[in-house]
Every structure is written in structure tokens, then in C-alpha cells.
Amino acid sequence: MDVAICTNVWMLHMATSKRPPSSTFLISSFSLGKPKASCLSTKTEPSPNQYSAISASDQNPTRRSGNYQPTMWDFEYIQSIHNDYAGEKYMKRFNKLKEEMKKMIMAEGSQELEKLELIDNLQRLGVSYHFKHEIMQILSNINLNAATGDSLYATALKFRLLREHGFHISQGNVFAKLISCLAEKLSFSRDRLVENLFWAVGIEFEPPHSYFRRMLTKVIAFVGIIDDIYDVYGTLDELEVFTDAIERWEIKAIDQLPDYMKICYLALFNITNEMAYEILKEQGIDAVPYLTKSI
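Residues numbered from 1 in each chain as written. Predicted model: local features only at pLDDT ≥ 70, side-chain atom pairs only at ≥ 80, totals over all residues. Heavy atoms only, no water.

Labelled according to an unreviewed UniProt entry, the protein chain appears under the name Terpineol synthase, chloroplastic-like, originating from Nicotiana tabacum.

(A) Representation of the overall build of the protein chain in the model. On a plain count of helices and strands, the protein chain comes out with 14 helices and 2 strands. When each of the 295 residues of the protein chain is scored for burial, the buried share is 26%. As displayed, the protein chain has an accessible area near 22100 Å², and 58% of this comes from carbon and sulfur atoms. (Helix = DSSP H or I, 4+ residues; strand = E, 2+ residues; numbered from the N terminus. Buried < 20%, exposed > 50% of the residue type's maximum accessible area, 1.4 Å probe, protein only. Areas by Shrake-Rupley, 256 points an atom, 1.4 Å probe, with all protein chains shown as cover.)

(B) The arrangement of the pattern of salt bridges in detail. As enumerated under the stated definition, the model contains 14 salt bridges in all. The salt bridge partner of D244 is R248, with a shortest N-O separation of 3.6 Å. Residue D244 and its partner R248 are both found in helix α12 (residues 236-248); the two are separated by 4 residues, about one turn of the helix. For R248, a relative accessible area of 34% gives the class partly exposed. (Salt bridge = Lys/Arg side-chain N within 4 Å of Asp/Glu carboxyl O.)

(C) Summary view of the nonpolar core. Counting 28 residues, the largest nonpolar core has I229, F242, L257, M261, C264 and Y265 as the members making the most contacts within it. Where this core is concerned, the elements lending two or more residues are α9 (172-185), α11 (210-233), α12 and α13 (259-283). Not counting residues within four places of it along the chain, the set of residues in contact with M261 comprises I229, E238, L239 and F242. Counting 17 residues, the second largest nonpolar core, distinct from the first, contains L118, L122, I138 and I142. (Core = buried A, V, L, I, M, F, W, Y, C linked by side-chain atoms within 4.5 Å. Contact = heavy atoms within 4.5 Å.)

(D) Expanded view of α13. In a regular helix each residue adds 1.5 Å, so 25 residues correspond to 36 Å; α13 covers 36 Å between its end C-alpha atoms and thus fits that length. Inspection of α13 places Y260, M261, C264, Y265, A267, L268, F269, I271, T272, M275, A276 and E278 among the buried residues, and these make up the whole buried set. In the segment just after α13, G284 is the residue with positive phi, at about 75°. (Expected span 1.5 Å × (residues − 1).)

See below:
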């Protein structure tokens, strides 16, 4: 196995490296009239005795078996498969349902959230590509006529769908609603969002660094929330579970947390991964280990 790996690595190196020009090869191969060994020299064939030794030792080799099960997709089975829903009858039915769905998407009077949820469901079902034009038209109208007073759920759903379809949406409103939700659910914690923003502006005030200020404001806000959870509100048992969830850094760890910690953990998880994604996209650095270690 080691020999095979070394051979493959050598072949990959040879395939990706630049070969020297022919003149260089001649000089390196023949110095002062004396021929030297070259990596490009003709391979020496094994002697007949070598073949005899190999064949004699491999006449009855011991072979291992993976004990793999035979495939269930044998030829006869594949040939027996029949699609009961093919044919003109079902195509007519399909086209009819498709037109009905287009009418539902474009229906007048339906609420913005209803349309967003319908688009989200179509995407989850894997059939949204049938309605690309209608979906883009709806999202364009939503983007131009943004509703006010949305819930955090509606805001997050709108933000995700618009971003997925190429619309540029500022994170400011989404973050403000997230903090407002946290402040409402975590009423025991200090609400210092404006002060946090002032702190960030004091560190870096120049206009080109607005993204830095937003990220730093989020970081400072969560430092305060987590500090209050540990120092004020959380019980010892809850804090042990919360600490374990942070160290594991898995979204499924949220199932073990009490409700108020679930909100904080999910928000922290999403924002940290968002920051790591931006760093990876802009700098090519995986910052997740460093961000999670600093929490």
C-alpha cells in the first residue's frame, strides 16, 4: 500500500511539474563525456530469472475477500421497472397542476408571508424550477415594496429567500430584529445595543469599515448576553450543558438546552458561522476554530 501511494505521489508530481528543456537534459545526463543516470532513461526490463521467481512465488497467492453483497440493481430488475405515470394523460394533468400553481403564486391579495412560505415550500419540494419566472417576479415586488412590522420569522425568511435569488439585502434590519427578539426573550440580560454600536464606532470610525462595525457590535452584544447567563440567570446544571454545547459546536446540541438558552445558542451559532463564511470568502481562511475558541 505504501509503495502504491508513493508511486502515485511521484506520478502526480511529474504530471504537475514543468519538465526541463531538452538541452538541460543533455547537459545533466552527459557531463565531461561520461553518461550519468537520468530519470528519463529507458526502463530496464526484468531478467527471465526474475520472471521465474515472481511466477513461482505467486502460483497460489492468498487472496482476501471484501464479502460484498451483490447489487440489487441487476439487469433483469432494471428492465422490469415501469413508470405508471408516463404518457400523455399524465403530462396533461401535470401541465394543468403547473398552471394552477402559477395562479396561486401570482394571486392578488395574498399576504407577503404567505407568498414567501409558498416559495420556500416549492424549493424544499424541489419543484421551484418550474416557476422561476413567477418566483423572481414576486421577490422583485417584495424587494421594492418591503413591508414594515414583520416578525423575526418573516424577516429572516424574506432575507434568506432574497439573498438566495441574488437580491442585495442589508443585514442591518435583520440584526436589529434579532437583537430585539433576544432582548424580549432574554429580559434578564442588559439591552445595550446602541452602546455596543458606539463602542464599535470608537474603535473603527472610517466609512469603508461598516462591515467591521456591524460584526463587532454583534460580538459585544453576545458577550454581554452570555456574561449575564453565566453570572446572573443560569443554574449550575444549565451552565454545564450550555458550556458543553458551545464546546461541541453542533446545531443538534440545541436539543439539550432550556428554551431561553436555545435562542441564545442558535443566534450565536448562526452569527459566528456567518462571520466565518465571510472570512473564508474574502480571505480564504477557515476561521471557525479560532472564533469558537474565543467564545
